[in-house]
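# Observations on the three-dimensional arrangement
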Amino acid sequence: MSDLLLWQRLKEGHKSALATIYNDHAVALLKYGKKFSRNTQLIEDCIQDLFVELWKNREGLSPTDSIQRYLLVALRRKVIRQLQQFYKRNIDSEPTELNFEAELSIDEAIVQTEMASERVIQLKEAMEKLSKRQKEAVYLKYISGMDYEDISAIMDLNYQSVRNLVSTALKKMKGILIPTLLLIYYLWIEILFF
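Model, not experiment: these values are computed from the prediction. (Residues numbered from 1 in each chain as written. Predicted model: local features only at pLDDT ≥ 70, side-chain atom pairs only at ≥ 80, totals over all residues. Heavy atoms only, no water.)

## Remarks on the layout of surface pockets
- There is about 190 Å³ of room inside the second largest pocket.
- Taken together, Leu50, Glu53, Leu54, Asn57, Leu61, Tyr70, Val73, Ala74, Arg77, Lys78 and Arg81 make up the lining of the second largest pocket.
- Those elements that provide at least two residues to the lining of the second largest pocket are helix H3 (40-56) and helix H4 (67-90).
- Sorting elements by how many residues they give to the lining of the second largest pocket places H4 first, with 6 residues.
- Residue composition of the lining of the second largest pocket, by class: 6 nonpolar, 1 polar and 4 charged. (1 Å grid on protein atoms, 1.4 Å probe; cavity = no way out; pocket = protein on both sides within 12 Å on 5 of 7 lines; lining within 4 Å. Points joined across faces, edges and corners; volume = space filled by probe spheres on them. Helix = DSSP H or I, 4+ residues; strand = E, 2+ residues; numbered from the N terminus. Nonpolar A, V, L, I, M, F, W, Y, C, P; charged D, E, K, R; others polar.)

## Overview of the side chain of Gln134
- Structurally, Gln134 can be placed in helix H7 (residues 132-143).
- Not counting residues up to four positions away in its chain, the partners in contact with Gln134 are Leu165, Thr168, Ala169 and Lys172. (Contact = heavy atoms within 4.5 Å.)

## Considering helix H1 (residues 3-11)
- Taken together, the buried positions of H1 are Leu6, Trp7, Leu10 and Lys11. For H1, the angular spread of the buried residues around the axis is 145 degrees, confining them to a single face.
- Just beyond H1, the residue with positive phi is Gly13, at close to 95 degrees. (Buried < 20%, exposed > 50% of the residue type's maximum accessible area, 1.4 Å probe, protein only. Arc of directions from axis to C-beta.)

## Comments concerning the pattern of salt bridges
- Overall, the coordinates contain 5 salt bridges when judged by the stated rule.
- In this structure, the salt-bridge partner of Arg69 is Asp65, at a minimum N-O distance of 2.9 Å.
- The shortest N-O distance in the salt bridge between Asp150 and Arg69 comes to 2.4 Å. Within this pair, whereas Asp150 is found in helix H8 (residues 148-155), its partner Arg69 is found in helix H4, the two being separated by 81 residues in sequence. (Salt bridge = Lys/Arg side-chain N within 4 Å of Asp/Glu carboxyl O.)

## As for the packing of H7 against H8
- For the pair H7 and H8, the least separation of the axes is 10 Å and the interaxial angle reads 140 degrees. Judged by the inter-axis angle, H7 sits oblique to H8. In this structure, H7 meets H8 at a crossing whose hand is right-handed. Every residue of H8 that contacts H7 at Arg133, Glu136, Ala137, Leu140, Lys141 and Tyr142 is listed here: Tyr148, Ile151, Ile154 and Met155.
- Looking at the contact of H7 with H8 residue by residue, the class counts come to 7 nonpolar, no polar and 3 charged. (Axes fitted to C-alpha atoms, helices over the stretch in contact; angles between N-to-C directions. Parallel < 35°, antiparallel > 145°, perpendicular 65-115°, else oblique. Left-handed = near helix turned anticlockwise from the far one by under 90°.)

## Comments concerning the nonpolar core
- In this structure, Leu10, Ile21, Leu29, Phe51, Leu71 and Leu140 are the most contacted members of the largest nonpolar core, which totals 37 residues.
- Secondary-structure elements contributing two or more residues to this core are H1, helix H2 (15-33), H3, H4, H7, H8 and helix H9 (159-193).
- If near-sequence neighbours (up to four positions away) are discounted, Leu29 is found in contact with Ile43, Ile47, Leu50, Phe51, Leu71, Leu72 and Leu75.
- In terms of nonpolar packing, the next biggest core, distinct from the first, is built from 7 residues, Met127, Ala169, Met173 and Leu177 among them. (Core = buried A, V, L, I, M, F, W, Y, C linked by side-chain atoms within 4.5 Å.)

Structure follows, in structure tokens:
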């Protein structure tokens, strides 16, 4: 069923449409939310509130051709709002930039070889050198597989800013990874041939 049709069914009050949307997107929402906070309970509460609000306000929802984009935008705003309230209550100040933790998921088969695990470590280290916004953009682009238009809507940035953010992040990672990979390759050649 297309997103437009499923969304329309939700707006018409079909509980099965809400259930389908939840089942299709809850895991991705939880993964994305955890990039902002490791407080799983807070993220789960935000997701639950999001779906309750969707149901309550279903008749007034604007049409969307991408339910995932709509949900990620809404969840991002909700999590940021909750974190800002937490900081105000508990720390008496707002953070200037909210944390976004992006870790790459690693396939078990790759990790078993020493060279691959070294590359994964280097990739993680390179990711840590990125700004929080760069991490979020790279995560959405390459791990969530979203296009630049969706990312710009989710991050509330214009299209060109998102492209620049991803491009800058990739250049930064390349500058960190290339020398390390060349060194690993050189050492590997030394071991094999000498």
